[in-house]
Amino acid sequence: MSQLDWTSGDTAPERQGYYETQFDTGRTAITLYSVLGWMPVKTPGTMVGWRPLPPDAEKQEAERHIQEIRAAQSHIPMDY
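Residues numbered from 1 in each chain as written. Predicted model: local features only at pLDDT ≥ 70, side-chain atom pairs only at ≥ 80, totals over all residues. Heavy atoms only, no water.

*Asks:* Before we go on, may I ask you to explain the overall build of the protein in this structure?
*Replies:* Per the secondary structure count, the protein includes 1 helix and 5 strands. Secondary structure elements in the protein, listed N-terminal to C-terminal, are β-β-β-β-β-α. Here the protein holds 80 residues, and 26% of them are scored as buried. For the protein, the proportion of contacts with a sequence separation of at least 24, taken over those separated by at least 6, is 50%. On the protein, roughly 6000 Å² of surface is accessible, and the fraction owed to carbon and sulfur atoms is 55%. (Helix = DSSP H or I, 4+ residues; strand = E, 2+ residues; numbered from the N terminus. Buried < 20%, exposed > 50% of the residue type's maximum accessible area, 1.4 Å probe, protein only. Contact = heavy atoms within 4.5 Å. Areas by Shrake-Rupley, 256 points an atom, 1.4 Å probe, with all protein chains shown as cover.)

This is how it looks when you write it as structure tokens:
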């Protein structure tokens, strides 16, 4: 993807999903945009831009995230 694909960080995406985000520190990360806003809330700086992931990469990221949530839930004690 070229630099022209970046959208300003002040503009919200039209749909929920995973995006490549760019920060004022020069770092980039894969970030989830959801009904709660950009996740994770703690970031390595101020977001200056974002661009959509290719469909296959977004699907892989969603599957990785689901596995991460399932793994975390399996470690929660159920003492109720």
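*Asks:* Hey, could you run me through the sheet that holds strand β4 (residues 37-39) in this one?
*Replies:* Sheet strands line up and pair through hydrogen bonds in the backbone, either parallel or antiparallel. Strand order in the open sheet formed by 5 strands is β1-β5-β2-β3-β4, and the pairing between neighbours is antiparallel. Two strands close off the open sheet at either side, each with one partner strand: β1 (7-8) and β4. One ladder, built from 6 bridges, connects strand β2 (residues 17-23) with strand β3 (residues 28-34); its direction is antiparallel. If you follow Y19 over to β3, its bridge partner there is T31. In this fold helix α1 (residues 55-73) packs onto β2 and β3, with an angle of close to 100° to the strand it touches most, β2. (Pairing = 2+ DSSP bridges. Axes fitted to C-alpha atoms, helices over the stretch in contact; angles between N-to-C directions.)

*Asks:* Whenever I open this one, the layout of surface pockets confuses me. Can you help?
*Replies:* The gaps left among the atoms become clear once a water-sized probe is rolled over them. By volume, the largest pocket amounts to about 190 Å³. Along the wall of the largest pocket there are 15 residues; nearest its centre are I30, T31, L32, M39 and P40. Among the elements of the structure, β2, β3 and α1 are those that each provide at least two residues to the lining of the largest pocket. Its residues placed into classes, the lining of the largest pocket shows 8 nonpolar, 3 polar and 4 charged. (1 Å grid on protein atoms, 1.4 Å probe; cavity = no way out; pocket = protein on both sides within 12 Å on 5 of 7 lines; lining within 4 Å. Points joined across faces, edges and corners; volume = space filled by probe spheres on them. Nonpolar A, V, L, I, M, F, W, Y, C, P; charged D, E, K, R; others polar.)

*Asks:* Whenever I open this one, the packing of aromatic side chains confuses me. Can you help?
*Replies:* The description of an aromatic ring pair uses the distance of the two centres, along with the angle that the planes make with each other. A complete count under the given rule lists 4 aromatic pairs for this structure. With 5.7 Å between their ring centres and 75° between their planes, Y19 and W38 make a pair best called edge-to-face. Of this pair, Y19 sits in strand β2 while W38 is found in strand β4, placing the two residues 19 residues apart along the sequence. Residue classification places Y19 among the buried residues on the basis of a relative accessible area of 3%. A ring pair is formed by W38 and W50, whose centres lie 6.3 Å apart and whose planes are at 50°; its orientation type is tilted. Pair noted here: W38 is in strand β4 and W50 is in strand β5 (residues 47-52), with a separation of 12 residues, a long-range link. Since its relative accessible area comes to 18%, W38 is described here as buried. A connected cluster of aromatic rings, assembled from ring pairs, spans Y19, Y33, W38 and W50. (Phe/Tyr/Trp six-rings, centres within 6.5 Å; stacked < 30°, edge-to-face > 60°.)

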